[in-house]
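Summary of structural features
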Amino acid sequence: MNLVISGKNIDITEGLRSAVEEKIGKLERYFNEDTDVHVTMSTEKNRQKIEVTIPMKGSIIRAEETSTDMYVSIDLVEEVIERQLRKYKNKLIDKAQNAVQLSKAFIEEDVYEDEEIEIIRSKKFAMKPMDPEEACVQMELLGHNFFVFRNAHTEEVNVVYKRKGSTYGLIEPEF
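Residues numbered from 1 in each chain as written. Predicted model: local features only at pLDDT ≥ 70, side-chain atom pairs only at ≥ 80, totals over all residues. Heavy atoms only, no water.

What follows deals with the pairing of strand β6 (residues 146–151). Of the pairings in the sheet, the one linking strand β5 (residues 129–130) to β6 comprises two bridges and is parallel in character. The residue bridging P129 from the neighbouring strand is R150, located in β6. Following the chain from β5 across helix α6 (residues 132–142) to the adjacent parallel β6, one finds a crossover that is right-handed. As defined by bridge partners, β6 adjoins strand β7 (residues 157–163) across five bridges and the pair is classed as antiparallel. Within the sheet, the bridge partner assigned to F146 lies in β7 and is Y161. Once β6 ends, the chain turns through five residues before running back antiparallel as β7, passing E155 with a positive phi of about 65 degrees. (Pairing = 2+ DSSP bridges. Helix = DSSP H or I, 4+ residues; strand = E, 2+ residues; numbered from the N terminus. Right-handed = clockwise from strand over helix to strand, strands pointing away.)

Shown next as C-alpha cells:
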C-alpha cells in the first residue's frame, strides 16, 4: 500500500506523518502492495480535516473527517474506511475488477457484515427544463440538500447540491 500524504494550509510535520502512517497503515491488511492511498490534510480556522481516497478499478473508497484536533481526525477517518470496507466487502468482491486491489487475506476472511441495501421509497416526478440557478432556488424551497432537474440549455439531467459555506455544486453527465 502506497501512502501519498499532502497538506493544504498545513505543514505536514513528522508527528502528523507518523500518525498517518501508523493509523492509515493499519488498512494495509485489506489491500495489496500496489494500492495507492491519497491522504490530504487541511486546516481552516479551528477545523482540522483529513480526506482519504483510495481509487480502485471500478469504484472509489473515500472518507473525510473533521475535528478540532488533527490526530482525532486521523483516528476517526481510519475507523470510517475500515467500516466501509467491512460493510461493502461482498459488493467489492462481486465486481471482479475491484478484487484485484484487495488482499487475499481480506477476501478469504469469513467474518464480515453483509447488509443488503434496501430501497424503501421511490418517487416519480415530472422534470420541467430549468437552468441551474432556478434548480437551486427550487431545492431551497423544498428544503433538500440536492435537486435533480433537466437542464434547459443542454437537455441533460443534472444535479445541484448544497456545499459547505452556503455554496452550491452542479453535476453534469459526461458521456
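There is more to say after this.
Take the sheet that holds strand β4 (residues 59–67) next. With mixed pairing, four strands are arranged side by side in an open sheet as β1-β2-β3-β4. At either end of the open sheet lies a strand with only one pairing partner, and these are β1 (2–8) and β4. On average, adjacent strands in this sheet sit at an angle of 15 degrees to one another, irrespective of strand direction. As judged from the nine bridges shared by strand β3 (residues 47–56) and β4, these two strands associate in the antiparallel manner. (Axes fitted to C-alpha atoms, helices over the stretch in contact; angles between N-to-C directions.)

What follows deals with unusual backbone geometry. Even without glycine at this site, N9 takes up a positive phi of about 60 degrees. Of note, N9 is situated in the loop between β1 and α1 (14–23). We note that E155 has phi near 65 degrees; this positive angle belongs to a residue other than glycine. Mapping E155 onto the fold places it in the loop between β6 and β7.

Turning our attention to the side chain of S42. Of note, S42 is situated in strand β2 (residues 36–44). Each residue touching S42, except ones within four places of it in the same chain, is listed here: K8, I10, R47, Q48, K49 and M70. (Contact = heavy atoms within 4.5 Å.)

Looking now at the packing of α1 against helix α2 (residues 70–87). Two elements in contact, α1 and α2, have axes whose closest approach is 10 Å; the angle formed by their N-to-C orientations is 15 degrees. Here α1 is positioned roughly parallel relative to α2, judged by the angle of their axes. The way α1 lies across α2 gives a crossing that is right-handed. Across the interface between the two elements, G15, L16, A19, V20 and K23 from α1 touch M70, Y71, I74, D75 and E78 from α2. (Parallel < 35°, antiparallel > 145°, perpendicular 65-115°, else oblique. Left-handed = near helix turned anticlockwise from the far one by under 90°.)

Everything listed here is a matter of coordinates, which is why it stays silent on function.
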